[in-house]
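# Structural overview
The residues making up each chain are set out below.
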There are 2 protein chains.
Amino acid sequence: MRLKDLGERALLRKLAPLGYPLDAPLPPGDDAGGVWLGEEALFLKVDGFRYRDVALRGMGPFEVGFRGVAATASDLLCKMGRPLGFALGLFLPPEAEEELALGLVRGAAEAAGRLGAFLLGGDTNAGEEAALVVAGFAEAKRPLPRQALPGDLLYLAGDRWGRLGAAIFAHYQGVGLEAFPAIREAAHYPLPRLGLLALEGLLRGSLDSSDGLAETLWQLAELGVRVELEALPLYPDVVALAGSEERALAFVLYGGEEFEAVLVVPPERGEAVEARAREAGLPLFRAGRVVEGEGVYLQGVPVPRKGYDHFRP
Amino acid sequence: MRLKDLGERALLRKLAPLGYPLDAPLPPGDDAGGVWLGEEALFLKVDGFRYRDVALRGMGPFEVGFRGVAATASDLLCKMGRPLGFALGLFLPPEAEEELALGLVRGAAEAAGRLGAFLLGGDTNAGEEAALVVAGFAEAKRPLPRQALPGDLLYLAGDRWGRLGAAIFAHYQGVGLEAFPAIREAAHYPLPRLGLLALEGLLRGSLDSSDGLAETLWQLAELGVRVELEALPLYPDVVALAGSEERALAFVLYGGEEFEAVLVVPPERGEAVEARAREAGLPLFRAGRVVEGEGVYLQGVPVPRKGYDHFRP
C-alpha cells in the first residue's frame, strides 16, 4: 500500500514494535523510546522536518534550529527525561549559504543550552531542500508512559495553547505578529518546560501535544477511556488574532506544534500537582477529566478527530 | 560563502564547537559526541544519507536500513562505546510503497540486534526522495579519542578494506557481485565490530574510516604527526575484481564506507593488542606507524588527500 493511502499513524503503528526491547522503560509507540541502564532509564528520540514546512514568516535558520531541539526535547521532558544532549542530521542544498547551516546550529545550541543540555555534533549531507533531524537523549529516574485511569484529572501544561495555531493562521493570512508578542515568542522560541520535571512522581501519565490537542486527546482515549473536557484555555491574544472565539477554539484543538504536555493526574493528587507547578513556575490549566467509556468530548459535544498527517497534507 | 565553495569539512569545523560541552569525554569534531553521566560516558551520534546515494546494485530497503545503523554504530564502537539503541528519522515520498519503510526499519532492527542493541522508534516525514538519519547512543567506561604519539603503531581493524571501493566500482560498471561473496557481504551488511571493545584500555586512539582510508589518515596526521604506511591489505578478491593491484590499492585508500576502524597503539602494547584481537575474533592488519613530522606516506611515497565531500560530489 502507498504511504499516502496507509497514512502516517498506521505506518508508525507497524514500525514501532520492530526491534524494540521487551522490558523497556516505555512501551513502543510512546513519545520516546528507551532502555534501562542500571536503575536509570535512558531515552532516545528523533524528530525530523523540512525547513520550508516549519519556517513561518519572520523565522530564520536560528529559529528553525531552535524549534528542532524544542520538538525533540518536548517528547523527552513529558516522559520525565532530563535532556543531556542533542545532535543534528542536516540535509542542505550545496548552493545554500553557510549562514543557513550556522544559523540552524546556533539556534539548536541556544535551545539545548536553555534546557541545561548540549549540542553533541551532527552530520551534514547534500539535499535538494533543507531538512533537519534532531536526535536527543535524556535520563529518567521515573519514566512516565502514556496512561490514564477513569476518574483521573486532565491538565494542560504551559501557555502556548492555541498560540501556534494562531501563528500558522497569521502566516498564511500574510499577517505580521508585531502586535502579538506572546504569540510571536511561542511560535519562534517554543521552549519545552523543564518545570515538568518538578512533577516527577505525582502524575499518572502524560503525552506530548505536538500533533494537535484533539489528536493527542484521541490518542489518550485509545488507551481505553473517555476524555471529558470541561474547558480549554482561550487566551485574549489568540481570540483577538482569530477574530472569533470559535476560530480561537479551533486553534487550541487543531493548531499543533505547541511542544506542550497533556498531563493525567490521579484525583487525590490534583492539589499537590497544582502546588508543585506553582512553585516551579509551570503554567497549568485544568481542562477536565478522564472517565469510563470512549471518545473525546468538550462539554458533552464530540470533538472530531483531525490531526496532521505528513503523507496526506 | 556557499556550501559547495566552503566544503563539508570546513563547515563541520565551524559547526562542531557550537554548544559543545567543555568537559566532554571526547573533543568536538571527534567521531562521536558525548557527556559524562556519573563515571560513565554517554555518546550520541547521528549519520544521515539519501537512499539513492548508498543503494548499490542488489541492495534493497533492508540493506539500506542495515547500512544506516552500521554507519552510526561504527563511530560509537571505535570510541569504545557499547551501543544501547538507535532511532530513525525517515523522509519518504508519499507515493512510496509501505514496503520501503518496513524494509528500512527491519534492516535497521537486524543490525541493531546483531550489535546487542535495540531500535527505539523514530519519526517519519514526507520528502521528495527517500532519506534517512540514524541516531545512536552508547555507553563507554573509557572513551577513546582520536590521538597519536610519534612511535605508535598503526593497525587496520576488520576485513572490509577495499571491498566497499570494489563494490562501488562494480556498481557503476554494471558488474554483479555473485562471484565475489565477501565483497557482496561487505557492501550489503557492513556490520561494525563489537570485538573492538575487547581492546578497551590498550589503544592510544582510534578513528572511524568511513570517509576513506586516505582521508582518515590525513585527519590523523592533522593531530601533529606523520603517518608512515608500510603495507596495506590487498585481498585477492579485491585485486581480482579491480583487475590490477594499482586499482585495488585505490579502492583501499579511497573507497570509503567500510565502517572499519584505524587503531593507534603504543609500541609496547602491540603484542597485547594482537593477542586480544585474536581472542575476540577481530581481524587486524599492521599497516605502519606514526612518527614525528607531517603528511601521509606509503613506503615513502606521499599519499594524496582525496575524500568524499557531500557538497562537492
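Residues numbered from 1 in each chain as written. Chains lettered and ligands numbered in written order. Predicted model: local features only at pLDDT ≥ 70, side-chain atom pairs only at ≥ 80, totals over all residues.

## Quick word on the overall build of chain A
- The number of helices and strands found in chain A is 11 helices and 12 strands.
- Rg of the C-alpha trace for chain A: 19 Å, near the compact-globule value of 20 Å for 313 residues, within the 12% margin.
- Overall, chain A is about 55 × 55 × 50 Å in size when its C-alpha atoms are taken along their principal axes.
- Taking all 313 residues of chain A together, 56% fall into the buried category.
- For chain A, the share of sequence-separated contacts (at least 6 apart) that also reach a separation of at least 24 residues comes to 82%. (Helix = DSSP H or I, 4+ residues; strand = E, 2+ residues; numbered from the N terminus. Rg over C-alpha atoms; globule rule 2.2 N^0.38 Å. Buried ≥ 20, exposed ≤ 12 C-beta atoms within 10 Å, placed from the backbone. Contact = placed C-beta atoms within 7 Å.)

## What about the relation of the copies chain A and chain B?
- Of the two same-sequence chains, chain A is brought onto chain B (RMSD 0.0 Å, axial shift 0.0 Å) by a rotation of 180 degrees. Between the two chains, the operation in question is that of a two-fold axis. Closest to the rotation axis within chain A is the C-alpha of A135 of chain A, separated from it by 3.1 Å.
- Taken together, the interface assignments show that 99% of the residues at the interface of chain A recur at the interface of chain B, consistent with an identical surface on both copies. (Least-squares fit on C-alpha atoms with pLDDT ≥ 70 in both.)

## Let's talk about unusual backbone geometry
- Despite not being glycine, Q299 of chain A has its phi angle at roughly 50 degrees, a positive value.
- Looking at the element boundaries, Q299 of chain A is found in the loop between β11 (296-298) and β12 (301-302).
- One non-glycine residue, E257 of chain B, lies in the positive phi region at around 65 degrees.

## Observations regarding the domain arrangement of chain A
All names here are of chain A.
- Here chain A is described as being made up of domain 1 (3-140) and domain 2 (153-302).
- Here the C-alpha centroids of domain 1 and domain 2 sit 21 Å apart.
- With 21 residues of domain 1 in contact, the opposing surface of domain 2 contributes 22 residues.
- Elements with a contribution of two residues or more to the side of domain 1 that touches domain 2: α4 (61-77) and α5 (98-114).
- Per-element accounting of the side of domain 1 that touches domain 2 gives the leading share, nine residues, to α4.
- Here the side of domain 1 that touches domain 2 is composed, by residue class, of 11 nonpolar, three polar and seven charged. (Domains from an automatic or database assignment. Nonpolar A, V, L, I, M, F, W, Y, C, P; charged D, E, K, R; others polar.)

## Focus: the sheet that holds strand β1 (residues 33-37) of chain A
All names here are of chain A.
- Strand order across the open sheet formed by five strands is β1-β2-β5-β3-β4, with mixed pairing between neighbours. Of all the strands in the sheet, the pair left with one neighbour each is β1 and β4 (118-126). Pairs of neighbouring strands in the sheet enclose a mean axial angle of 15 degrees, with direction left out of account. (Pairing = 2+ DSSP bridges. Axes fitted to C-alpha atoms, helices over the stretch in contact; angles between N-to-C directions.)

## A look at the environment of A73 of chain A
Residues and elements named next belong to chain A.
- Mapped onto the secondary structure, A73 falls in helix α4.
- Through-space distance from the C-alpha of A73 to that of F137 is 8.5 Å; in sequence the pair is 64 residues apart.
- Setting aside residues no more than four positions away along its own chain, A73 makes contact with P83, L115, G136 and P192.

## Comments concerning helix α6 (residues 163-173) of chain A
Residues and elements named next belong to chain A.
- R163, L164, G165, A166, A167, F169 and A170 are the residues of α6 that are buried.
- Turning to α6, the residues buried within the fold contact α7 (181-188), α9 (236-242) and α10 (245-254).
- G174 occupies a position one or two residues after α6 and carries a positive phi of about 75 degrees.

## Points about the interface of chain A and chain B
- Between chain A and chain B, the contact holds 67 residues from the first and 66 residues from the second.
- When contributions to the side of chain A that touches chain B are tallied by element, the ones reaching two or more residues are α1 (3-6), α2 (8-15), β1, β2 (40-50), β3 (82-92), α5, β4 and β5 (131-140) of chain A.
- Broken down by class, the residue content of the side of chain A that touches chain B amounts to 40 nonpolar, 13 polar and 14 charged.

## Examining the pairing of strand β3 (residues 82-92) of chain B
Residue and element names in this part refer to chain B.
- Among the 11 residues of β3, 10 are classified as buried, and the element is accordingly described as predominantly covered.
- In this structure, β3 lies alongside strand β5 (residues 131-140), joined through nine bridges in antiparallel fashion. For F91, the partnering residue across the bridge sits in β5 and is A131.
- Pairing between β3 and strand β4 (residues 118-126): seven bridges, direction parallel. Note on β4: the bridge partner recorded for G89 is D123.
- The parallel pair β3 and β4, bridged by helix α5 (residues 98-114), forms a crossover whose chirality is right-handed. (Right-handed = clockwise from strand over helix to strand, strands pointing away.)

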